[in-house]
Amino acid sequence: MTTRAKPRLGVFKFSSCDGCQLSLLDCELELLAVTDAVEIAYFLEATRKDMKGPFDVVLVEGSITTPHEAELIRQIRKSTKALITIGACATSGGIQALRNFTDVNGFLDIVYARPDYIETLETATPIAEHVAVDFELRGCPINKHQLLEVLNAFLNKRKPNIPHYAECIECKQRGTVCVMVAKGIACLGPVTQAGCGGLCPATHRGCFGCFGPMETPNTGALADRFLGELKQDKGTVQRAFRSFNANAPAFREESLKHD
Amino acid sequence: MPDSQAVIDRKDLGAMFALLAEEGYQPVAPRVHDGAVLYAPVSGPDDLPKGIGDEEEGGHYRLTERGDAKLFGHTKPVQGLKAHLYPARQKLWSAERAGHGFRIVKDQDPAPRYAFIGVRACELSAMLIQDKVFEGGPYADKGYAERRRNCFLVVVTCDHAGAACFCASQQTGPDVSEGYDLKLAEIIDGGRHVFLAEAGSEKGRALLDRLPRQAASEADLKAASDQRQAAAAGQKRAMISGVAELLAAQLESRHWEDVAKRCMSCGNCTMVCPTCFCSTMEDATDLSGLKAERTRKWDSCFSIDYSYIHGGSVRNSGASRYRQWMTHKLSHWVKQFGVSGCVGCGRCIIWCPVGIDITAEAKAILKGA
């Protein structure tokens, strides 16, 4: 066995809730294997150690919502060999991208006592709209097994086993009875990328679309089913597509059809 | 073989489960779970869906109360037996780094011994088709072959058709003539609740010989025959005849685009189809890179990766993916394996979230031809 130099890992956060980077700490026992395999050079949720770049791999959580963030992500991109975005915010804009459908200044006046102190952008956008991204890991939050798989694949120079097909495949492989067919519950599974392991349908709820659009999303066909057989109104259908991945192109376009 | 037929009383049915368990089989039978009838491990007849029926349509499934004590009064369970014989996820082997190379570590788990109870005609036909897929030709799947060889099959004949059933038009049911160990027809007549049993193999005959039983009467034989006729006559759907030739000639039909507007490429049809057998290999390492393992997972021809070859995917449009699935199932499967890949169970219709109906699509293609 040859020993290899430990790659330097940085974990950075933009506009987000921290949940995705906490998935790394949630790895528990496997976290020890991660720290054996990489040198954690920057990860404020885990250590006060603040080492400068360059990094071998950087995980980026969150979306770009301020001019400062738009500048910072460029610096980070320059300081790392590989950049992996993690979570719905970083890959599509996150729940805060709901601002993209309206005038952000309206929110500023309601939320802040002194809106003039706030410097913000009109939109919340994914990292890939600002810099080149090597791999996008979906989820709100990401699945820790998928995170380990992506890190593992990077360390071992292989392709990560991250499918882009529909959530339905995971439900069927797990043996979950389809909640839409057997219970009439609206479910975004057929247009949502697999990755969570089929969490919600296994607990009798429809998929909320946390992992964003699957590779070939036919959202129109699903919306027709929601409006028809499932007797939903347009507002409900719009809200279904307008959540954590509201700004992902397929979901955004579908939600705009139901104004 | 007239002595291979007998009548088993409902109260003696438990003995069949007990004897099978005694012989080292894990009984797997229909049982209610999450608002549906599934194949699952059972310990005896009390676990069966007593008095439960099912209502099915395109993209729709609900359990119903039958108002009687029938144990097999439903139609087919949600998922076929492929989930047991050909599991969704199987570790094939693992490897460890050794010097400059690696060493293969084979998986030594013994194959399970299942007794499948309540197997329908369509299910059995699907199993016989998968036998050709996995055991025919020079590259047999050893794991499948072993699980299949180990299993004991108790078929139950259908007494009615589900709304999505079309086995009669595919000649895969509702009658069952071969491939089973024991065949049961459930008969309730007033207060009498019995199973007309018929052995289909030496194993089945040996089991039947050990069960408390009476001779079958003419009335029992007629009741079972009436049930089979009702199950055939009650089928509302049918696959058009000559569909294999039709589809082979209609690869450029405009109808494929029409289906693609409704099809979500979610892959549910392929997951619930009891003959769909496609899989993908997944190689993974541990973080240190010292251990690796290879896993086989169910795959679907509706995924983009499925048709990925160097440079890109072959089937990028929904129309091309649906066409691939339907033409393979109904047309070039015949050339490949000598039979159609469709047994008419109707699961692809029921579990399609938007209710796409393969029999209706075939008719529409015929109409546009």
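Values in this document were obtained by computation on a predicted structure and should not be read as measured data. Here, residues in each chain are numbered from 1, in the same order as that chain's written sequence. Here the convention is simple: chains get letters from A, ligands get numbers from 1, in the order in which they are written. Only residues with pLDDT of at least 70 get local features here, since the model is predicted, and only at 80 or more are side-chain atom pairs given and counted; chain-wide, interface and lining totals rely on the full set of residues. Only hydrogens and water are set aside; all other atoms, that is, all heavy atoms of the structure, feed into the side-chain values.

## Quick look at the overall build of chain A
Counting its regular elements, chain A contains 12 helices and 5 strands. Its C-alpha atoms give chain A a radius of gyration of 19 Å, within 12% of the compact-globule value 18 Å for 259 residues. A principal-axis box enclosing the C-alpha atoms of chain A has dimensions of 60 × 55 × 25 Å. Restricting the contact set of chain A to residue pairs at least 6 apart, pairs at least 24 apart contribute 70%. Numbered from the N terminus, helices here are DSSP runs of H or I no shorter than four residues, and strands are runs of E no shorter than two. Atoms counted for the radius of gyration: C-alpha only. Globule rule: 2.2 Å times the number of residues to the power 0.38. We call two residues in contact whenever any of their non-hydrogen atoms come within 4.5 Å of each other.

## With respect to the domain arrangement of chain B
Residues and elements named next belong to chain B. Each domain's extent is set by a domain assignment, obtained either automatically or from a database. In terms of domains, chain B is made up of domain 1 (2-233) and domain 2 (243-368). Computed from C-alpha coordinates alone, the two centres of domain 1 and domain 2 are separated by 26 Å. Defined in terms of a 1.4 Å probe, buried area is the accessible area two parts forfeit on being brought together, summed over both. Of the roughly 3,500 Å² buried between domain 1 and domain 2, counting both surfaces, carbon and sulfur atoms make up 58%. For this analysis, a salt bridge means a side-chain nitrogen from Lys or Arg found within 4 Å of a carboxyl oxygen belonging to Asp or Glu. Taken together, the connections running from domain 1 to domain 2 amount to 4 salt bridges.

## With respect to the packing of helix α9 (residues 255-262) of chain B against helix α13 (residues 358-368) of chain B
Residues and elements named next belong to chain B. All axes are obtained by fitting lines to C-alpha atoms, using only the stretch in contact for helices, and the reported angles, taken between N-to-C directions, cover 0 to 180 degrees. The contact between α9 and α13 brings their axes to 10 Å, and the two run at 150°. Relative to α13, the element α9 is oriented roughly antiparallel. Once α9 is placed against α13, the crossing between them reads as right-handed. Judged by residue contacts, H255, W256, V259 and R262 of α9 engage E361, A364 and I365 from α13. Small angles under 35 degrees read as roughly parallel and large ones over 145 as roughly antiparallel, with 65 to 115 read as roughly perpendicular and the rest as oblique. Note: crossing handedness is left-handed where the near helix turns anticlockwise from the far helix by less than a right angle, and right-handed where it turns clockwise.

## Structural notes on the nonpolar core
Residues and elements named next belong to chain B. Put simply, a nonpolar core is a bunch of buried Ala, Val, Leu, Ile, Met, Phe, Trp, Tyr and Cys residues held in one set by side-chain atoms that sit within 4.5 Å of each other. Each residue's exposure class comes from its accessible area (1.4 Å probe, protein chains only) as a fraction of the maximum for that residue type: buried when under 20%, exposed when over 50%, partly exposed otherwise. By size, the foremost hydrophobic cluster in this structure holds 59 residues, and its most contacted members are Y322, W325, M326, W351 and I358. In this structure, M326 is in contact with L247, W256, S331, I358, E361, A362 and I365, ignoring residues within four places of it in sequence. Listed in part, the 33 residues of the second largest apolar core include Y86, A121, Y180 and M271.

## Thoughts on the pairing of strand β10 (residues 182-189) of chain B
Residue and element names in this part refer to chain B. The buried count for β10 comes to 6 of 8 residues, which makes it a mostly enclosed element. Strands qualify as paired when DSSP identifies two bridges or more between them. Pairing between strand β9 (residues 152-156) and β10: 3 bridges, direction parallel. Looking at the pairing, V156 lines up with L184 of β10. Across 8 bridges, the pairing between β10 and strand β11 (residues 192-199) is antiparallel. Within the sheet, the bridge partner assigned to E186 lies in β11 and is F195. Here β10 hands over to β11 after 2 residues, with G190 in that stretch at a positive phi of 65°.

## Quick word on the sheet that holds β10 of chain B
All names here are of chain B. Read from one edge of the open sheet, 7 strands run β1-β11-β10-β9-β8-β2-β3, paired in mixed fashion. This sheet does not close on itself; its edge strands, each paired only once, are β1 (5-9) and β3 (36-41). For this sheet the average axis-to-axis angle between neighbouring strands, irrespective of direction, equals 25°. Taken strand by strand, helix α7 (residues 218-233) contacts β1, β10 and β11, and its axis lies near 100° from that of β10.

## What to know about the sheet that holds strand β5 (residues 135-137) of chain A
Residues and elements named next belong to chain A. Overall, parallel pairing links the 5 strands, which are arranged β2-β1-β3-β4-β5 in an open sheet. Of all strands in the sheet, those bounded by a partner on one side alone are β2 (39-43) and β5. Neighbour-to-neighbour, the strand axes of the sheet open up by a mean angle of 20°, direction not taken into account. Two elements, strand β4 (residues 80-86) and β5, share 3 bridges in a ladder whose sense is parallel. Residue I86 lies in a different strand from β5, and its bridge partner there is L137.

## What to know about a nonpolar patch on the surface
Patches here are clusters of residues that have more than 30% relative accessible area and form no salt bridge, with a 9 Å joining cutoff for like charges and a 5 Å cutoff for nonpolar side chains (Val, Leu, Ile, Met, Phe, Trp, Tyr). Shrake-Rupley sampling with a 1.4 Å probe provides the accessible areas, and residues are treated as covered by the protein chains on show and by no other component. There is a patch of nonpolar side chains on the surface, built from F107, I110, V111, Y112, Y117 and I118 of chain A and spanning about 660 Å² of accessible area. Within the secondary structure layout, I118 of chain A lies in the loop between α5 (104-111) and β5.

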